[in-house]
Amino acid sequence: RIMTSPSFGGDRILGAILFQDTLNREVEGKPTAKYLWEEKKIVPFLKIDKGLATEENGVQVMKPIPDLEEVCGAAFSNG
């Protein structure tokens, strides 16, 4: 994995955007977010959006996130 490379660290990278699937995995025995922060000093960000809704009246907005609290709770639990 690129995350375990000595070149991948907080001295070069400020943050990493994680998909929910990646957040739920482990790197070297630690939850991904915890590994990034504790070992690499990289701020993990969780991508939670569901994409864009269909354009209506000339406006396109983000799709609703009905399970936002659950997703945020799981992210918090994973570090």
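Scroll up a little and you will see the structure.
Residues numbered from 1 in each chain as written. Predicted model: local features only at pLDDT ≥ 70, side-chain atom pairs only at ≥ 80, totals over all residues. Heavy atoms only, no water.

Engineer: Explanation requested: unusual backbone geometry in the structure shown.
Structural biologist: Residues apart from glycine generally show negative phi values, whereas peptide bonds are mostly found in trans. Within the chain, Lys41 stands out as a residue other than glycine whose phi angle is a positive 60°. Along the chain, Lys41 turns up in the loop between α2 (32-40) and β4 (43-46). (Helix = DSSP H or I, 4+ residues; strand = E, 2+ residues; numbered from the N terminus.)

Engineer: Hey, could you run me through α2 in this one?
Structural biologist: Residue pairs three or four apart in sequence face the same way in an α-helix, which turns once every 3.6 residues. Turning to α2, its buried residues are Thr32, Ala33, Tyr35, Leu36 and Lys40. Down the axis of α2, the buried side of the element spans an arc of 165°, and every buried residue falls inside it. Structurally, α2 contributes buried residues whose contacts are with β1 (15-18), α1 (20-23), β2 (26-27), β3 (30-31) and β4. Remark: Lys41 follows α2 within two positions and exhibits a positive phi of approximately 60°. (Buried < 20%, exposed > 50% of the residue type's maximum accessible area, 1.4 Å probe, protein only. Arc of directions from axis to C-beta. Contact = heavy atoms within 4.5 Å.)

Engineer: I tried to follow the nonpolar core on my own but got confused; where do I start?
Structural biologist: Side chains of nonpolar character tend, in soluble globular proteins, to be buried together. Among the nonpolar cores identified, the biggest contains 11 residues, and these are Met3, Phe8, Ala16, Leu18, Leu23, Val27, Ala33, Tyr35, Leu36, Ile42 and Ala75. Elements supplying a minimum of two residues to this core: β1 and α2. Looking at this core, the element that brings in the most residues is α2, giving three residues. Those residues in contact with Ala16 that lie beyond four places of it in its chain are Leu36, Ile42, Val43, Pro44 and Phe45. (Core = buried A, V, L, I, M, F, W, Y, C linked by side-chain atoms within 4.5 Å.)

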